[in-house]
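One-letter residues, chain by chain:
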Amino acid sequence: MRSTDVGVIGAGIVGLATAYALTERGASVTVYERGVPGHGQSGGESRIFRHGHDDPRMVEFAKRSRLIWDEWAQRLGIELVSGDGVVALGASAERRLSVLQEVGGIAARRIDAEELHQRLPILADFDGVAVLDERGGSIRTTAAISTLSAELSDRLVADEVLVVRSTPAGTVEVRAGGVTAEHRSLVVCAGRGTAALARGMGLALPVRHGAHVRLTYRVCGEPPQILACLQDGSGAFGETGVYAAAEPGNGRYAVGLSDHVDAPEGGLLDPPALAQLAERASAYVSRALPGLDPDPVDVRHCWVTELPWGSDGLGVWSVDGVFFVAGHNLFKHAPALGRALAAAAAGDGLAEQLRPGAQLGAPPS
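Residues numbered from 1 in each chain as written. Predicted model: local features only at pLDDT ≥ 70, side-chain atom pairs only at ≥ 80, totals over all residues. Heavy atoms only, no water.

S.K.: Can you walk me through the layout of surface pockets in this structure?
M.R.: Gaps between atoms show up when a probe of the same size as a water molecule is rolled over them. Estimated volume of the second largest pocket: approximately 280 Å³. Forming the boundary of the second largest pocket are 19 residues, of which Gly-43, Gly-44, Glu-45, Thr-142 and Arg-300 lie nearest the centre. Counting residues per element, the ones that place at least two in the lining of the second largest pocket are helix H5 (141-151), strand E12 (208-218) and strand E17 (298-306). Here the residues of the lining of the second largest pocket sort into four nonpolar, 10 polar and five charged. Residues from two domains meet in the lining of the second largest pocket; each of domain 1 (2-41 + 144-206 + 309-358) and domain 2 (86-134 + 208-306) gives at least three. (1 Å grid on protein atoms, 1.4 Å probe; cavity = no way out; pocket = protein on both sides within 12 Å on 5 of 7 lines; lining within 4 Å. Points joined across faces, edges and corners; volume = space filled by probe spheres on them. Helix = DSSP H or I, 4+ residues; strand = E, 2+ residues; numbered from the N terminus. Nonpolar A, V, L, I, M, F, W, Y, C, P; charged D, E, K, R; others polar. Domains from an automatic or database assignment.)

What follows is the structure in structure tokens.
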């Protein structure tokens, strides 16, 4: 029987951030991970950090996370978010700019075609609405995962958790393949596996499962000094839900669509539909990003766990000292979310905005 103050199930970015925040508080922690840390929903070489959201509360949450990313980068001595910014295109970008301005304290503004070309030289000519989030950028995912994993190396348990339950003594028991342990509290951020563990505690999480595709392309010629992330909701190039981010060195650019393939109960996916997403992404690259070689050099398939109130939705369910985290697009929020979960697990209470009833991340009605 191995016991620590808090158990964390899942060593993706949210689990690692939560465990790291617990160590900042002086708590003892055990992190359970059945695979390689960061190779599930947190996988890939880059993610977008952006402040732009439809929900002002999520913008505030992103502001807090950005400051913690900076704090961790300084403490750990590595770059965790690039300084290249995020460019958003289309009417959705203008709408979110108004939310950023309402919240305040965020360097975001409309830019003209000339500055757009400077920030995103691989993009085809575009004369519509373009908004720059100056403090956005490409998250260095590999650096973040590897560094946090190293900081927590003696707390990681390589095993699959089968079930969790509350005990008569008021603790939480974790039963994994080769480990049984008790903790004062438990945080479950196991991605696709979270809902199944929650069912064992009597909770039905309203999570929709699916999968999406992210392809990586080489930049033609010499990598540009500045290569902003992209969110394209304009439809000018045939798609309205495109996201893209540069890998370290700006020599490769990862592109994906916000659309995903649903996985009905049981997790079965439609192979042709998944392949079609990849084809659409490459077709978009040919039309919109002539500065990229249109033949992909890498592909990443990731599970999607989306809540019913929106693609940026986030919620935390709690019962008997166990906190179940669900949502999509969480990588950028991991530092602030990790600290909030650590506070809850340490007994300080769960922030009201994280409770499901708050529907954090919901677009305005």
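Still to come is the rest of the account.
S.K.: Teacher, can you tell me more about the packing of aromatic side chains here?
M.R.: For any pair of aromatic rings, geometry is given as the distance between the ring centres together with the angle between the planes. For the structure shown, the criterion picks out six aromatic pairs. Between Tyr-20 and Trp-72, the ring centres sit 5.2 Å apart and the planes meet at 85 degrees, which makes this aromatic pair edge-to-face. One end of the pair, Tyr-20, is in helix H1 (residues 13-24); the other, Trp-72, is in helix H2 (residues 56-76), and 52 residues separate them in sequence. Like Tyr-20, the residue Trp-72 is buried in the burial classification. Ring plane angle 10 degrees and centroid distance 6.4 Å describe the contact between Trp-69 and Phe-331, whose orientation is recorded as stacked. In this pair, Trp-69 is assigned in helix H2 and Phe-331 in the loop between strand E19 (322-327) and helix H8 (334-345), connecting sequence segments 262 residues apart. (Phe/Tyr/Trp six-rings, centres within 6.5 Å; stacked < 30°, edge-to-face > 60°. Buried < 20%, exposed > 50% of the residue type's maximum accessible area, 1.4 Å probe, protein only.)

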